[in-house]
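One letter stands for each residue in the lines below.
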Amino acid sequence: DEVFLAALSMGVDGAVGCTLNYMCRQYYELYQAFRRGDLRTALALQSTVNRVVAVVGSFGTPGALTKAPLRLLGFDEMDEGRLPIRPLTPEEWERLRTELAAAGFFALERV
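Keep in mind it's a predicted model, so treat the numbers as computed, not measured.

1. Notes on the overall build of the protein chain
Next, step 1: On a plain count of helices and strands, the protein chain comes out with six helices and zero strands.
Next, step 2: For the protein chain, the N- to C-terminal ordering of α and β elements is α-α-α-α-α-α.
Next, step 3: The C-alpha atoms of the protein chain give 15 Å as radius of gyration, which agrees with the globular expectation for 111 residues (13 Å, within 12%).
Next, step 4: Across its three principal axes, the protein chain shows a C-alpha extent of roughly 45 × 25 × 25 Å.
Next, step 5: Counting all 111 residues of the protein chain, 32% fall into the buried class.
Next, step 6: Of the roughly 6600 Å² of accessible surface on the protein chain, a fraction of 58% belongs to carbon and sulfur atoms.
Next, step 7: Between the mean site of the 12 positive side-chain charges and the mean site of the 14 negative ones, the protein chain shows a separation of 3 Å.

So, in structure tokens, the structure goes:
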């Protein structure tokens, strides 16, 4: 996810990643900016998503990377995953919410 722009510059046509599920607009706009040759915008978008990737990656559990941000966006039907994925503790939920807010995650435009 955090090397999407670099991958585009090496000739890939797309990507499969965890954060694409909840930041699809940012990745789409990054892709379009790259195709237009607007590298300044593409780099700014890559930097934005990298801040979120750094936050969710710091938790070391796939649940924080994939499902927890979706729940924080209001997708309450998302479970926390199955074993061996460890659910987040209440303290981790609060830390995730706080750090994502600081990274600008909740201010990102949604599709």
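Resuming the write-up.
2. Section: the packing of aromatic side chains
Next, step 1: By the definition in use, this model includes three aromatic pairs.
Next, step 2: Arranged with centres 5.7 Å apart and planes meeting at 75 degrees, the rings of Phe4 and Tyr27 form a pair that is edge-to-face. Of this pair, Phe4 sits in helix α1 (residues 4-9) while Tyr27 is found in helix α2 (residues 24-36), placing the two residues 23 residues apart along the sequence.
Next, step 3: Take Phe4: its relative accessible area is 6%, and that puts it in the buried class.
Next, step 4: For Tyr27, a relative accessible area of 3% translates into the label buried.
Next, step 5: Taken together, the ring pairs connect Tyr22, Phe105 and Phe106 into an aromatic cluster.
Next, step 6: Above the ring of Phe59, the side-chain terminus of Arg95 is found at 3.9 Å from the ring centroid.

3. Some points on helix α3 (residues 39-57)
Next, step 1: Its 19 residues give α3 an end-to-end C-alpha distance of 26 Å, which sits within 8% of 27 Å, the value for a rise of 1.5 Å per residue.
Next, step 2: Every buried residue of α3 is listed here: Ala42, Leu45, Gln46, Thr48, Val49, Val52, Val53, Val55 and Val56.
Next, step 3: Lining the buried residues of α3 we find α1, α2, α4 (62-66), α5 (68-72) and α6 (90-102).

The rules behind these values
- Residues numbered from 1 in each chain as written.
- Predicted model: local features only at pLDDT ≥ 70, side-chain atom pairs only at ≥ 80, totals over all residues.
- Heavy atoms only, no water.
- Helix = DSSP H or I, 4+ residues; strand = E, 2+ residues; numbered from the N terminus.
- Rg over C-alpha atoms; globule rule 2.2 N^0.38 Å.
- Buried < 20%, exposed > 50% of the residue type's maximum accessible area, 1.4 Å probe, protein only.
- Areas by Shrake-Rupley, 256 points an atom, 1.4 Å probe, with all protein chains shown as cover.
- Lys, Arg positive; Asp, Glu negative; His and termini not counted.
- Charge placed at Lys NZ, Arg CZ, Asp CG, Glu CD.
- Phe/Tyr/Trp six-rings, centres within 6.5 Å; stacked < 30°, edge-to-face > 60°.
- Lys NZ or Arg CZ within 6 Å of the ring centre and 35° of its normal.
- Expected span 1.5 Å × (residues − 1).
- Contact = heavy atoms within 4.5 Å.

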